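# Report on the structure
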Amino acid sequence: MTDFFQFEADFVDSLRCIPMQVRCKLDTCGIKLKLSDWNQMTIDERQALVELPCTTKTEIQSYREYIEQLIIQRTGIPTTKLPIEPHPAWLDSATVPASLQEKAQEIGVTLTQQNWADLTPLQRFALIKLSHPGHENKNFPRAIAEFHLF
């Protein structure tokens, strides 16, 4: 999976920021990655994190081990572990998270259950991440438009 979103277009060529598909993999394997750590990686290492699979138990474990070794190698500091959500909201196509619905309504959009179900898990992940308080939210309306939700 190496598809990037249009709202990421200003940085995907250089991979200067962590793309959503990598963020999703990080949440899946329970690793917190700082942008400063990401920026210490080579472009090839960043690209590998984009391309490496992280779906099955074995892939998730391999991805975690790869990034843990990479961060130690680049920074000398172990990665910060995150709790792994056993039932992540982005994989639940039946329920629009209330916090996401509230954020969408702030920009005049109502997400129906069908809208939510029609999105890919990665699109749902992106909307959830972009709707968090404190996140740079300029991409939230862009993602809503890109996913044809209004």
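Higher on the page you've got the structure.
Now for a quick tour of the structure. Keep in mind it's a predicted model, so treat the numbers as computed, not measured.

## Concerning unusual backbone geometry
The residue Leu 15 is not glycine, and still its phi comes out positive at about 55°. Assignment of secondary structure puts Leu 15 in the segment before helix H1 (20-29).

## Observations concerning the packing of aromatic side chains
One pass over the structure, following the stated rule, counts four aromatic pairs. With a centroid separation of 5.2 Å and an interplanar angle of 65°, the aromatic rings of Phe 5 and Phe 147 are classed as edge-to-face. Residue Phe 5 is found in the segment before H1, and its partner Phe 147 is found in the segment after helix H8 (139-146); the two are separated by 142 residues along the sequence. Owing to a relative accessible area of 7%, Phe 147 belongs among the buried residues under this scheme. A ring pair is formed by Phe 7 and Phe 147, whose centres lie 6.4 Å apart and whose planes are at 70°; its orientation type is edge-to-face.

## Focus: the environment of Phe 7
Inspection of the secondary structure puts Phe 7 in the segment before H1. By relative accessible area, which is 5% here, Phe 7 ends up buried. Taking C-alpha positions, Phe 7 is 8.7 Å from Phe 140, a pair spaced 133 residues apart along the chain. Not counting the four nearest positions on each side in its chain, Phe 7 is found in contact with Met 20, Ala 126, Leu 130, Asn 139, Arg 142, Ala 143, Glu 146 and Phe 147.

## A word on the layout of surface pockets
In this approach a probe as big as a water molecule rolls over the atoms, and the regions it shows empty are the leftover space. There is about 460 Å³ of room inside the largest pocket. In this structure, the largest pocket is lined by 21 residues; those nearest its centre are Cys 24, Lys 25, Thr 28, Cys 54 and Trp 90. Those elements that place two or more of their residues in the lining of the largest pocket are H1 and helix H7 (121-131). Among the elements that make up the lining of the largest pocket, the one with the highest residue count is H1 (four residues). A breakdown of the residues in the lining of the largest pocket according to their chemical character gives 15 nonpolar, two polar and four charged.

Conventions adopted
- Residues numbered from 1 in each chain as written.
- Predicted model: local features only at pLDDT ≥ 70, side-chain atom pairs only at ≥ 80, totals over all residues.
- Heavy atoms only, no water.
- Helix = DSSP H or I, 4+ residues; strand = E, 2+ residues; numbered from the N terminus.
- Phe/Tyr/Trp six-rings, centres within 6.5 Å; stacked < 30°, edge-to-face > 60°.
- Buried < 20%, exposed > 50% of the residue type's maximum accessible area, 1.4 Å probe, protein only.
- Contact = heavy atoms within 4.5 Å.
- 1 Å grid on protein atoms, 1.4 Å probe; cavity = no way out; pocket = protein on both sides within 12 Å on 5 of 7 lines; lining within 4 Å.
- Points joined across faces, edges and corners; volume = space filled by probe spheres on them.
- Nonpolar A, V, L, I, M, F, W, Y, C, P; charged D, E, K, R; others polar.

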